[in-house]
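Residues per chain, in single letters:
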Amino acid sequence: MKFRYKVIIVNIFVLSLTLMIVGYILMQRTYDLTLDSAIKSAVTENNLVQSSIEYSLLDVINNNMKSSSIDSYVRYNLHEIGDEVFSGMISEEEALLIRYADMYFFVSDAAIDTKTPLLSEELFDFKEDNRKNYSISREKDHVYLYVTSLSVIGENNLNIVTRRDITDLQVLLDVSITDYRRITIIILSASSLLLYIISRLMTRPLEQLSIITDDFANGHYSARSKVKTSDEVGNLSERFNSMADSVESHVEELNDMIHRREQFVADFTHEIKTPMTSIIGYADTMRSLDLSKEEQQTALNYIFSEGKRLESMSMKLFDLLYLKDHPIDARDIPTVSLGESIVTSMTPMVENSGETLKSDIEPGIISGDPDLLKSVFINLIDNARKASKAGDIVEFTGRISENDEYSFSVKDHGIGISEEDKKKIFDEFFMVDKSRTREAGGAGLGMSLVSVILERHNAVLDIESTLGEGTTMTVKFNLVKDDDKKN
């Protein structure tokens, strides 16, 4: 069931219940007030009749009777007195009954015509000092209000019973109930239509948001909600858009990661294929042909160099995978000793290529893993060597910079890096100059490893390069101060 229909049903139910309760209370209250007024009027009328009958009986007793014969004269004159009082004080639609000593001495024609049965004894059961009783009785198509009074004459009770027809009051209540039901039906019908229109207008933003959600669930990650309201639905729309932005961003990252992995596998397969082809080819040549010693040496040199290249590639791949899932063992490292160790390792390689390595390291303390950081700068200096030509100078410097940072820089005067290549330089197997890199024994994994190591050290790498003029790579570390060492 749609939400709007639930809203309509609940509201109609609440409205119906409210109208029923309010209507019942109002009509019952009106009926009670009218009935109370009728009862007061009937009691007043009964009082007047009672007084008239008592005065008439008193005159008869005082003028004609002796004390010993009061009872017989009351019985003798009671019907005549009742008839006189009834004809003078009570309308023909009403009834009068006079009971003395548990016997009826006068019953008006109205009571006889309606064949009023003998009244219930409960009407004559007066409690304590109460001298008035009343009851409501439904007889055929009429509703009557009986009022009974109690007077004591001698040793016998005299009861004056007046009856008033209050059928109109009951009819008025029935008509009011019928009219109220009709009005209620009209109100509920109009309210249902109005509630449907209002609920449709109010739930339309939710329907639009539901459609957008379905589109988003079906893979349309660019779908966004256009609901613009200042209520909870608007807040929900904004949060959905925020969630959609986040999901789309993560999906793009996942797609990019999948693409990178696929590219990684393809590049790795390609990089392995080249040395493996050379190794298999030269090994097959040595196995199937009778080569001279010099040719055998050449083939073995190719097999050895390509094997070393595969070994270097596998070691760097292992380091990449390991560092992505394991923490580093950081400790304080003097920059001068780290720089000297790097220069000692790289000087022979640089000089063999015909370049010159110059270093100038300023004293300072940084935090990290010395072996991993040494691998970083060996890779950077090796890349600078590969990008340079014979006779060029590769500069390796270390300086304390502003903001308590220490910066290592590797500068060459080689081929440089384009802006487009700067974005790809940390991708696995990417090489700025593939032919020169492969000739120098590279596999395109060095900068990827550098990126992971520096990320683990919270270090930042800045690249400044101009094509044909050279490249400067600067790594910035947080400087360890004396206060930090004490702590």
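In the block above lies the structure referred to throughout.
Predicted model only: the values in this text are computed from it and were never measured. (Residues numbered from 1 in each chain as written. Predicted model: local features only at pLDDT ≥ 70, side-chain atom pairs only at ≥ 80, totals over all residues. Heavy atoms only, no water.)

Caption draft 1: Structural context of the sheet that holds strand 4 (residues 142–153). On the basis of which strands lie adjacent, the open sheet formed by 5 strands has the order 2-1-5-4-3 and antiparallel pairing. What marks the edges here is a single partner per strand, and that holds for strand 2 (103–107) and strand 3 (132–139). Geometrically, the sheet is characterised by an average inter-axis angle of 25 degrees between neighbouring strands, direction not taken into account. In this structure, strand 4 lies alongside strand 5 (residues 156–165), joined through 10 bridges in antiparallel fashion. Paired with Val147 across the bridge in strand 5 is Thr162. (Pairing = 2+ DSSP bridges. Helix = DSSP H or I, 4+ residues; strand = E, 2+ residues; numbered from the N terminus. Axes fitted to C-alpha atoms, helices over the stretch in contact; angles between N-to-C directions.)

Caption draft 2: Region of interest: helix 2 (residues 70–89). The sharpest bend along helix 2 measures roughly 40 degrees and falls at Asn77. Among all positions in helix 2, only Val74, Asn77, Leu78, Ile81, Gly82, Val85 and Phe86 are buried. (Bend = angle between axes of the 7 residues up to and from the residue. Buried < 20%, exposed > 50% of the residue type's maximum accessible area, 1.4 Å probe, protein only.)

Caption draft 3: Summary view of the pattern of salt bridges. Going through the model one piece at a time under the given rule, you end up with 10 salt bridges. With its nearest N and O atoms 3.6 Å apart, the salt bridge here joins Glu94 to Arg164. Taken as a pair, Glu94 in the loop between helix 2 and strand 1 (95–100) and Arg164 in strand 5 lie far apart in primary sequence, 70 residues in all. With its nearest N and O atoms 3.3 Å apart, the salt bridge here joins Asp462 to Lys476. (Salt bridge = Lys/Arg side-chain N within 4 Å of Asp/Glu carboxyl O.)

Caption draft 4: Geometry of the packing of aromatic side chains. This model, assessed by the stated rule, comprises 9 aromatic pairs. An angle of 50 degrees between the planes, with centres 6.5 Å apart, marks the rings of Phe377 and Phe477 as tilted. Of this pair, Phe377 sits in helix 8 (residues 370–387) while Phe477 sits in strand 12 (residues 470–478), placing them 100 residues apart in sequence. Classification of Phe477 by relative accessible area gives buried; the value is 3%. Ring pairing ties together the aromatic residues Phe377, Phe396, Tyr406, Phe408 and Phe477, which thus form one cluster. Above the ring of Tyr144, the side-chain terminus of Arg163 is found at 4.0 Å from the ring centroid. (Phe/Tyr/Trp six-rings, centres within 6.5 Å; stacked < 30°, edge-to-face > 60°. Lys NZ or Arg CZ within 6 Å of the ring centre and 35° of its normal.)

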